[in-house]
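Take a look at the letters that make up each chain.
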Amino acid sequence: PERKIINKFYPHDFDPNKVFKSKKSGSKVVKVRTMIPFTSICIHCGSYLYKGTKLSAIKKRITNQYYLGIEIFRFYMNCSICNSVFSFKTDPKSGTYKIERGIRYLTAFNDDSPNKNDTDAKNYINKNRNESISKIKTLLYKFNYFKQKY
């Protein structure tokens, strides 16, 4: 059985200064396979890109943009249907992502969804809470009725 070779042979005329060393680029572009962090719709073909779908991406550090010392990254991905490019970047201030081009966020389908106005959101929440409480009360009433009957 052979053993691992720890020592390497260097010829007597070997000069380490003549060995070619590749220089690292300063742009810091990295190819990664990552998941989409939100559900969105492609602007070009209208296909849905669901949260958690794995896609290959190019991750690029944005130079000279920091938030409290945290680096901001931009991700370039391709739509899985029409192969068009879309991009978004990290937003450490709000803890989310900002869409830049190619896709849009999936909005709620019902018309009575809350807008960005706080009073509308509170009214929407109270309306849904009252509906769910009334449903629970009817279920409890039916349960007690059948409990007494049988």
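Our structure is the block above this text.
The structure contained in this document is the topic of the report that follows. (Residues numbered from 1 in each chain as written. Predicted model: local features only at pLDDT ≥ 70, side-chain atom pairs only at ≥ 80, totals over all residues. Heavy atoms only, no water.)

Observations concerning the nonpolar core
In this structure, Ile-36, Phe-38, Cys-42, Leu-49, Leu-55, Ala-57, Phe-75, Met-77, Cys-79, Phe-86, Phe-88 and Ile-103 together form the largest nonpolar core, which totals 12 residues. Secondary-structure elements contributing two or more residues to this core are strand E4 (54-67), strand E5 (70-78) and strand E6 (85-91). The residues touching Phe-88, leaving out its near neighbours within four places in the chain, are Pro-37, Phe-38, Phe-73, Arg-74, Phe-75, Met-77, Tyr-97, Lys-98, Ile-99 and Glu-100. (Core = buried A, V, L, I, M, F, W, Y, C linked by side-chain atoms within 4.5 Å. Buried < 20%, exposed > 50% of the residue type's maximum accessible area, 1.4 Å probe, protein only. Helix = DSSP H or I, 4+ residues; strand = E, 2+ residues; numbered from the N terminus. Contact = heavy atoms within 4.5 Å.)

Quick notes on the sheet that holds E4
Across the sheet, which stays open at both edges, the five strands sit in the order E1-E4-E5-E6-E7 with antiparallel pairing between neighbours. Every interior strand has two partners, whereas the edge strands, strand E1 (29-35) and strand E7 (96-101), have only one. Strand-to-strand, the axes of this sheet are offset by a mean angle of 35 degrees, without reference to chain direction. Pairing of E4 with E5 involves seven bridges; the strand directions are antiparallel. Bridge pairing in E5 places Ile-58 opposite Tyr-76. (Pairing = 2+ DSSP bridges. Axes fitted to C-alpha atoms, helices over the stretch in contact; angles between N-to-C directions.)

Quick word on the sheet that holds strand E8 (residues 103-105)
Strand order in the open sheet made by the three strands is E3-E2-E8, with antiparallel pairing throughout. Looking at the sheet topology across the chains shown, the edges are occupied by strand E3 (48-49) and E8. For strand E2 (residues 40-42) and E3, the ladder comprises two bridges, and the chain directions are antiparallel. Counterpart to Ser-40 in the pairing with E3 is Leu-49.

Section: the packing of aromatic side chains
Taken as a whole and assessed by the stated rule, the structure comprises seven aromatic pairs. Here the aromatic rings of Tyr-10 and Phe-14 are separated by 5.3 Å at their centres, their planes lie at 35 degrees, and the arrangement is tilted. Over the face of the ring belonging to Phe-73 we find Lys-59, whose NZ or CZ atom lies 4.7 Å from the ring centre. (Phe/Tyr/Trp six-rings, centres within 6.5 Å; stacked < 30°, edge-to-face > 60°. Lys NZ or Arg CZ within 6 Å of the ring centre and 35° of its normal.)

As for the environment of Arg-33
Here Arg-33 shows up in strand E1. On a C-alpha basis, the gap between Arg-33 and Ala-57 in space is 5.9 Å, while along the polypeptide they are 24 residues apart. The residues contacting Arg-33, other than those within four sequence positions of it, are Lys-54, Leu-55 and Ser-56.

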